[in-house]
Amino acid sequence: MSHQPFTAAALRGAVDLSSLKRPAPPAGPASGAEPTSADGAPGLVVEGTDASIGELVRPDVPYPVVMVLWSRRLKESGDFVATMGAVAQRYAGRFQLVTVDVDTNPAILQAFQVQAVPVSFAFLQGQPVPLFEGAQPEAQVIGVIDQVLALAAQHGVTGTVSGADAAAAPAEPAEEPPLPPLHQQAYDAIESGDLDAAAAAYREALTQSPADTDAKLGLAQVGLMQRTAGVDLHAARAAAAADPTDVDAQIVVADLDLLGGHVEDAFVRLIDTVRVTVDADRNKAREHLVELFEVVGTTDERVVKARKSLMSALF
């Protein structure tokens, strides 16, 4: 998955964490100390358990928490945990990474009802936001973390992990170069909630450089956020269920699914819509699906799979 857009609507998580809100067992002599990662970076990367997860993702945590569910039995998931750890170090305390081995923490596995690992969630003010299904390259992880941090800023969640200091930060030469001016302008506008200004900045960037793929992706993501702003999820789903041939209704739910991290559900919905519609309606569903491919990233495995399904539906 490429850069994933997030807004306040993404906080409509359906994961039931009530069973996990139980106090952690008494600790040893270090009780009350900040959890530390294996490499000694205070609090940046911690191991979550059935007993401790409720404390780690409680609503008053002042920084974003990113949780990865994984299994020691699966090399791919272990490699992804290492990738996420490297990203956590890169951001030097702007979020905390919590890793959970599902083989030894059945209550967490049951609460999130995942079918395969690794799978990742962000937590803002105790609310879960789906991020990834499966392992992702570091570059794509960074793009999504940037969006999580932007959403966190909108909700005033701007603290840093206690104990994260300059020793955990990347060296100066490793810092990323600044964004191009129009991209920075768009990013700032998204952070302040002005989606129209963000879209205008990306359009200007594309006018100046039509081959600017980052601007094209950014504009598609902003468009997704604009279309779903203020939409009632339950009403939208009811309308879509009432008429499978209503292309506009199916598009709204597909957008909401994508925004909530349910990428494959969004794709399948529109492919099914292509199958049951004709002429202009069919083409509208197809064109919107292609636009969502751009939002997710054309090289994403789920996009590649969905393209094949779309071809089958068309021909």
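Residues numbered from 1 in each chain as written. Predicted model: local features only at pLDDT ≥ 70, side-chain atom pairs only at ≥ 80, totals over all residues. Heavy atoms only, no water.

**Thoughts on the nonpolar core**
Ranked by internal contacts, the top residues of the largest apolar core, which has 44 residues, are Met 67, Leu 69 and Phe 112. Those residues within four positions of Leu 69 in sequence are excluded, and the remaining contacts are Val 100, Val 102, Ile 108, Phe 112, Val 114, Val 117, Pro 118, Val 119 and Phe 121. Listed in part, the 37 residues of the second largest apolar core include Leu 182, Val 222, Leu 259 and Val 274. (Core = buried A, V, L, I, M, F, W, Y, C linked by side-chain atoms within 4.5 Å. Buried < 20%, exposed > 50% of the residue type's maximum accessible area, 1.4 Å probe, protein only. Contact = heavy atoms within 4.5 Å.)

**With respect to empty space enclosed by the protein**
In total, this model carries one cavity of 30 Å³ or more according to the counting rule given. Roughly 30 Å³ of volume is contained in the largest cavity. The wall of the largest cavity is formed by Leu 56, Val 57, Arg 58, Pro 59, Val 61, Tyr 63, Val 65, Phe 123, Gln 125 and Gly 126. (1 Å grid on protein atoms, 1.4 Å probe; cavity = no way out; pocket = protein on both sides within 12 Å on 5 of 7 lines; lining within 4 Å. Points joined across faces, edges and corners; volume = space filled by probe spheres on them.)

**Focus: the pairing of strand 4 (residues 119-124)**
The element strand 4 is largely enclosed, with a buried count of six among its six residues. Here strand 4 shows two buried faces, one formed by Val 119, Phe 121 and Phe 123 and the other by Ser 120, Ala 122 and Leu 124. Taken together, the five bridges between strand 2 (residues 65-70) and strand 4 define a ladder with antiparallel strand orientation. By the bridge assignment, Val 65 is partnered in strand 4 with Phe 123. Where strand 4 and strand 5 (residues 127-133) come together, six bridges link them in antiparallel fashion. Of the residues in strand 5, the one forming a bridge with Phe 121 is Pro 130. The antiparallel pairing of strand 4 with strand 5 creates a hairpin that spans two residues between the two strands, and Gln 125 there sits at a positive phi of about 55 degrees. (Helix = DSSP H or I, 4+ residues; strand = E, 2+ residues; numbered from the N terminus. Pairing = 2+ DSSP bridges.)

**Some remarks on unusual backbone geometry**
Trans peptide bonds make up most of the peptide bonds, and negative phi angles are found at most residues other than glycine. The amide bond that connects Val 117 to the next residue, Pro 118, takes the cis arrangement and shows omega of 5 degrees. Positionally, Pro 118 belongs in the loop between helix 3 (106-112) and strand 4. With phi around 55 degrees, Gln 125 is a residue other than glycine that occupies positive phi space. On the secondary structure map, Gln 125 appears in the loop between strand 4 and strand 5. With a phi angle near 55 degrees, Asp 279 is a residue other than glycine that sits in the positive phi range. Here Asp 279 lies in helix 11 (residues 279-296). You can call Asp 279 exposed: its relative accessible area is 67%.

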